[in-house]
Amino acid sequence: MVFDRQMTSASFSLSGRRGNGVMEVDVLEFKVPIENNKTLFVWDIQPSHTQDQVYVRLLDVFSSFGPLYLLKVSPNSAANPPGFYALIKFYSAAQASKALRQTDGRTLFQNSPLKVRLSSRQTPHFLSDSSRPLSHARCLELADHCLGFNGWTSDIITLKELTNEEEKERGEEDDEGGGRWRRLKFGCLLQLSFPHHGQTTRAAAVVEDSFTCSGPDVLLQKRCRLQKMVREKALVQAFTTVLLVLLGNGKVMVELKQTSDEFLPEQMGGVLQVNEFSWSEFAADEELDLTVS
């Protein structure tokens, strides 16, 4: 089974016939969820618990329906009675819907019932077609939760320094401060495999940094840091081609998007194909603040 990229620009739910019944299917992508049908707004949370205690109790309740991308608890504004409200973002629209049905109007961890609704906050226009990939840590979290720790593997095919000779020569010249200007660039080609599902995909990435090198220890630290980051970025790129198909019977299937730029092992010919990334991308936090006020 191969999914077209245009069909999976957003996670969606669908129903398919299985015998005489209907089985619900949900498709997850490794990208930041921004859709309203994955976001729950919870209010009427009483001040009988502290904010931290409310967070723990909400996490315990709502994570039982599926992995959460975001759980944020905030105190009510001064214009409202004391208490809290919460914003909860799921990766799965079906899991968010199930959580809504089973928690709205229930007391759960307090004496009075909670109110739970799907968020009606309008997504900003510049984010409406967003497909920002998850961070490295979130990719691992989602994959481990849905597939288990032995459900996938990653292998580095190539990791090499791409700094050219001209940049190396410039690095030999001292600057006015006595240090040496250096520019390092690393590329990584990585393979992501799902052995229980017979699926394999590859991705590549490049990272670089320019800095003043004051000694061999600084150079070593930069090399180690860039090598770690290019490995993580390549893994994130590989996960962007993966779809997790959650079946209504609790099973999970792994499928790959069909992409026009997908490359196969026999097409590599020793050439490292890369996607260019600026250094600033690695410092950016991938989490959006979509707090309801």
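Right, let's walk through the structure included here. (Residues numbered from 1 in each chain as written. Predicted model: local features only at pLDDT ≥ 70, side-chain atom pairs only at ≥ 80, totals over all residues. Heavy atoms only, no water.)

### Things to note about the packing of aromatic side chains
In the structure shown here, the tally under the stated rule is 6 aromatic pairs. Summarising the aromatic geometry, the rings of Phe41 and Tyr85 are spaced 5.7 Å apart at their centres and angled 65° between planes, so their arrangement reads as edge-to-face. Of this pair, Phe41 sits in strand β4 (residues 39-45) while Tyr85 sits in strand β6 (residues 84-90); the two residues are 44 residues apart in sequence, bridging distant segments of the chain. Classification of Tyr85 by relative accessible area gives buried; the value is 14%. Members of the aromatic cluster, connected to one another through ring pairs, are Phe30, Trp152 and Phe239. Here the guanidinium or amino end of Arg138 rests over the ring plane of Tyr69, the centre of that ring lying 4.4 Å away. Looking at Lys222, its charged tip hangs above the ring of Phe211, at a distance of 5.3 Å from the centre. (Phe/Tyr/Trp six-rings, centres within 6.5 Å; stacked < 30°, edge-to-face > 60°. Helix = DSSP H or I, 4+ residues; strand = E, 2+ residues; numbered from the N terminus. Buried < 20%, exposed > 50% of the residue type's maximum accessible area, 1.4 Å probe, protein only. Lys NZ or Arg CZ within 6 Å of the ring centre and 35° of its normal.)

### Considerations on the sheet that holds strand β10 (residues 199-213)
The antiparallel open sheet is built from 3 strands, whose spatial order is β8-β9-β10. On the outer flanks of this sheet lie β8 (153-161) and β10, each paired with one strand and no other. Pairwise comparison of adjacent strand axes, ignoring direction, gives a mean angle of 20° for this sheet. Bridge count for strand β9 (residues 180-194) against β10 is 15 bridges, and the pairing is antiparallel. The residue of β10 that forms the bridge with Cys188 is Ala205. Each of β8, β9 and β10 is contacted by helix α5 (residues 216-239), which is oriented at about 35° to β9, the strand it contacts most. (Pairing = 2+ DSSP bridges. Axes fitted to C-alpha atoms, helices over the stretch in contact; angles between N-to-C directions. Contact = heavy atoms within 4.5 Å.)

### Re helix α3 (residues 136-147)
Over its 12 residues, α3 runs 16 Å from end to end, which matches the ideal 16 Å to within 8%, given 1.5 Å per residue. All of the buried residues along α3 are Arg138, Cys139, Leu142, Ala143, Cys146 and Leu147. Burial along α3 is one-sided: seen end-on, the buried residues are contained in an arc of 130°. Trailing α3 by a residue or two, Gly148 shows a phi angle of about 85°, which is positive. (Expected span 1.5 Å × (residues − 1). Arc of directions from axis to C-beta.)

### Regarding the sheet that holds β6
Strands sit in the order β5-β6-β4-β7 across an open sheet of 4 strands; the sheet is antiparallel. In the strand order of this sheet, the two ends are held by β5 (68-75) and β7 (115-118), each with one partner. Averaged over all pairs of adjacent strands, the angle between their axes in this sheet comes to 15°, without regard to strand direction. Across 7 bridges, β5 lies against β6 in antiparallel orientation. If you follow Leu70 over to β6, its bridge partner there is Lys89. Along the sheet face, helix α1 (residues 51-62) touches β4, β5, β6 and β7 and points at about 150° away from the line of β5.

### Some words on a nonpolar patch on the surface
Side chains of Tyr55, Val56 and Leu59 sit close together on the surface and give an oily, nonpolar patch of about 250 Å² of accessible area. In this structure, Tyr55 sits in helix α1. (Patch = residues over 30% accessible without salt bridge, like charges linked within 9 Å, V, L, I, M, F, W, Y side chains within 5 Å. Areas by Shrake-Rupley, 256 points an atom, 1.4 Å probe, with all protein chains shown as cover. Salt bridge = Lys/Arg side-chain N within 4 Å of Asp/Glu carboxyl O.)

### A closer look at the nonpolar core
Across soluble globular proteins, nonpolar side chains show a tendency to be buried alongside one another. One finds Phe30, Leu192, Phe239, Val242 and Leu244 to be the most contacted residues of the largest nonpolar core, which totals 40 residues. Among the elements of the structure, β5, α3, β9, β10, α5, β11 (242-247) and β12 (252-258) are those that each provide at least two residues to this core. Sort the elements by how many residues they give to this core and α5 lands first, with 8 residues. With residues up to four places along the chain from it excluded, the contact list for Phe239 reads Phe30, Cys139, Ala143, Trp152, Leu192 and Phe194. One finds Ile45, Leu58, Phe62 and Val73 within the second-largest nonpolar core, a separate group that totals 20 residues. (Core = buried A, V, L, I, M, F, W, Y, C linked by side-chain atoms within 4.5 Å.)

### A short note on the environment of Leu68
In this structure, Leu68 sits in strand β5. Accessibility expressed as a relative area gives 12% for Leu68, which makes it buried. With 23 residues separating them along the chain, Leu68 and Tyr91 place their C-alpha atoms 6.4 Å apart. Contact partners of Leu68, with chain neighbours within four places excluded, come to Leu59, Phe62, Ser63, Ile88, Lys89, Phe90, Tyr91 and Glu141.

These figures come from the coordinates and say nothing about function on their own.
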